[in-house]
Amino acid sequence: MKVLAALALLLALIAPAHAVDPDEMLADRALEARARAISAEVRCVVCQNQSIDDSNAEIARDMRRAIRERLTQGDSDAEVVAFLRARYGDYVLLRPPFDWRTGLLWLGPPLVLALAGFALWRRSRQTRLARTGTPAAAELSAAERARLDSLLGDDREAPR
Amino acid sequence: MSNRWLFVLPLLMLVIMAGFFAYALTQNRNPGDIGAPLVGHKAPVIELAPLHEGGARLTSSDWQGKVTVVNFFASWCAPCLVEHPLFLRLKSEGVRLHGINYRNKPEEAKAWLARLGDPYERIGVDPEGKAGVEFGISGVPETLVIDRAGIVRLHLRRPITADDVNGTILPMVRELSK
């Protein structure tokens, strides 16, 4: 029992700690949930790869506050993201937008996978054909048949 | 047929990667560069309390009608100290210069300016970094040039240098003032 209690305590301790201060949070739980969802997708501009929801940087706190202020004023989620994007560019989006500059980034991996799949498929087809014999090889011409018969016949009739 | 091509594949990948690395190393490519998305767009609307008692508030109308340089600074920021003499020079060149005191104790900012000289026409205080987010600031110092119509023309996310002043800022201010 004691072990279980200790384990539960340990689990509670390793629960992810968030950077959002209780006094930052909005009283309106729906708005707060939207703010958290937006913050999780916004990249902190002074940390290399951390969302502002996770970051303790002052600028991250300022940006979280700006998001909450705009939501309270009635902005939609898209408007809040557009506000940040107008000021910090695509840099603030942890999920890069899909456009001509990022097309290769988004399509590259599936493209390579498709190419590899195609190469594998062709290869397996070739080895399968090689193993079972191609249809063309199964059909012998009359001359070939005659030569094969004579060779086999020679062999059979060869003296011991 | 296709097997022979497979031998070229590693070499091809090496060439592509080497090409990318060469590009990344020689073209000053910086993935940490946020860029300046505000350039070409209207400067944000702000209204900041003055740093000096009895001073005027710093508002968006303070860059209407004349080309203005706006500088985010703080007394705790070492690079601000380095670039400070250049702002004194901009002032002596007759450039309209406003300061935004970013996340700074007012008495410390005032002492800093008293020691080094105050080049700013108006200084707004931004104790909580709200104006910072409005301007898309990621730290201090950052400097913007705003034209007569209130459009941001330049946004430097670093301390300005003498080269910036001579080669970019002064020519730009003159050009936009024509």
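Analysis parameters
Residues numbered from 1 in each chain as written. Chains lettered and ligands numbered in written order. Predicted model: local features only at pLDDT ≥ 70, side-chain atom pairs only at ≥ 80, totals over all residues. Helix = DSSP H or I, 4+ residues; strand = E, 2+ residues; numbered from the N terminus. Buried ≥ 20, exposed ≤ 12 C-beta atoms within 10 Å, placed from the backbone. Contact = placed C-beta atoms within 7 Å. Axes fitted to C-alpha atoms, helices over the stretch in contact; angles between N-to-C directions. Parallel < 35°, antiparallel > 145°, perpendicular 65-115°, else oblique. Left-handed = near helix turned anticlockwise from the far one by under 90°. Nonpolar A, V, L, I, M, F, W, Y, C, P; charged D, E, K, R; others polar. Pairing = 2+ DSSP bridges. Right-handed = clockwise from strand over helix to strand, strands pointing away. pLDDT = per-residue confidence, 0-100. Core = buried A, V, L, I, M, F, W, Y, C linked by C-beta atoms within 7 Å.

Chemist: Explain the overall build of chain A residue by residue, including any values.
Modeler: Helix and strand content of chain A: 7 helices and 0 strands. For chain A, the residues scored as buried account for 16% of the 160 residues in total. For chain A, contacts bridging at least 24 residues in sequence account for 49% of all contacts bridging at least 6.

Chemist: Residue-level account of unusual backbone geometry, with values.
Modeler: Residues and elements named next belong to chain B. That bond from Val140 to Pro141 is cis: its omega, -5°, falls within 30 degrees of zero. Tracing the chain through its elements places Pro141 in the loop between helix 4 (130-134) and strand 6 (142-146). In this model, Arg103 sits at a positive phi of 45°, which is unusual for a non-glycine residue. Within the secondary structure, Arg103 sits in the loop between strand 4 (96-102) and helix 3 (106-116).

Chemist: Tell me what's going on with the packing of helix 2 (residues 29-41) of chain A against helix 3 (residues 58-72) of chain A, and back it up with residues and numbers.
Modeler: Geometry of a packed helix pair, given as the angle between the helix axes and the separation of the axes. Residues and elements named next belong to chain A. Look at helix 2 against helix 3: their axes get within 10 Å of each other, and the N-to-C directions meet at 135°. Taken as axis vectors, helix 2 and helix 3 run oblique relative to one another. When you trace helix 2 past helix 3, the crossing you get is right-handed. Residue-level contacts link Leu31, Arg34, Ala35, Ile38 and Ser39 of helix 2 to Arg64, Ile67, Arg68, Leu71 and Thr72 of helix 3. Tallied by class, the residues present in the contact of helix 2 with helix 3 amount to 5 nonpolar, 2 polar and 3 charged.

Chemist: Could you give an account of the environment of Arg85 of chain A, with specific residues and numbers?
Modeler: Inspection of the secondary structure assignment puts Arg85 of chain A in helix 4 (residues 77-88). Sequence separation between Arg85 of chain A and Gly103 of chain A is 18 residues, and the spatial gap between their C-alpha atoms is 19 Å.

Chemist: I'd like a description of the pairing of strand 5 (residues 122-126) of chain B, backed by residues and values.
Modeler: Strand residues, when the strand is regular, have side chains that alternate between the two faces of the sheet. Residues and elements named next belong to chain B. Burial within strand 5 is extensive, with 5 of its 5 residues counted as buried. In strand 5, alternate side chains face the same way, and those of Arg122, Gly124 and Asp126 on one face and Ile123 and Val125 on the other are all buried. Across 5 bridges, the pairing between strand 4 and strand 5 is parallel. Note on strand 5: the bridge partner recorded for Asn101 is Val125. In this region the chain leaves strand 4, passes through helix 3 and returns to the parallel neighbour strand 5; the handedness of that crossover is right-handed.

Chemist: Report on the pairing of strand 4 of chain B, specifying residues and quantitative values.
Modeler: All names here are of chain B. Of all 7 residues in strand 4, 6 are buried; the element is thus mostly enclosed. Of the pairings in the sheet, the one linking strand 3 (residues 68-73) to strand 4 comprises 6 bridges and is parallel in character. In the strand pairing of strand 4, Phe73 is matched with Asn101. Each parallel crossover has a hand, and for strand 3 linked through helix 2 (residues 78-92) to strand 4 it is right-handed.

Chemist: Could you give me a rundown of the confidence of the model for chain A, with the residues and numbers involved?
Modeler: When pLDDT is low, close inspection of the predicted coordinates is not appropriate. In this model, chain A carries a mean pLDDT of 86, and residues with pLDDT of at least 70 account for 88%. Taking the mean pLDDT of every element in chain A, the minimum, 58, falls on helix 6 (residues 135-138) of chain A and the maximum, 96, on helix 4 of chain A.

Chemist: Explain the packing of helix 3 of chain A against helix 4 of chain A to me, using residue names and the numbers behind them.
Modeler: Residues and elements named next belong to chain A. Close contact between helix 3 and helix 4 brings their axes to 10 Å; oriented N to C, the two are set at 140°. When the interaxial angle is binned, helix 3 and helix 4 end up oblique. The element helix 3 and its partner helix 4 pack so that their crossing is right-handed. Contact residues: helix 3 offers Met63, Ile67, Arg70 and Leu71, while helix 4 offers Val80, Phe83 and Leu84. Across the contact of helix 3 with helix 4, the residue classes break down as 6 nonpolar, no polar and 1 charged.

Chemist: So what about the nonpolar core? Which residues, and what values?
Modeler: Most often, soluble globular proteins keep nonpolar side chains buried together rather than apart. Counting 39 residues, the largest nonpolar core has Val69, Leu90, Ile100, Leu144, Val145 and Ile146 of chain B as the members making the most contacts within it. Those elements giving two or more residues to this core turn out to be strand 3, helix 2, strand 4, helix 3, strand 5, strand 6, strand 7 (152-156) and helix 5 (162-177) of chain B. Not counting the four nearest positions on each side in its chain, Ile100 of chain B is found in contact with Leu48, Leu58, Val70, Phe72, Gly124, Asp126 and Ala131 of chain B. One finds Ala35, Ile38, Val42 and Ile67 of chain A within the second-largest nonpolar core, a separate group that totals 18 residues.

Chemist: Provide a residue-level description of the sheet that holds strand 6 of chain B, including the pertinent values.
Modeler: Hydrogen bonds between backbone groups are what pair the strands of a sheet, and the pairing can be parallel or antiparallel. Residue and element names in this part refer to chain B. Pairing is mixed in the open sheet, where 5 strands are placed in the order 5-4-3-6-7. The open sheet has two free edges, formed respectively by strand 5 and strand 7, since each of these has just one partner strand. Neighbour-to-neighbour, the strand axes of this sheet turn through a mean angle of 20°, independent of strand direction. The sheet contacts of helix 5 involve strand 3, strand 6 and strand 7, and relative to strand 7 the element is tilted by about 165°.

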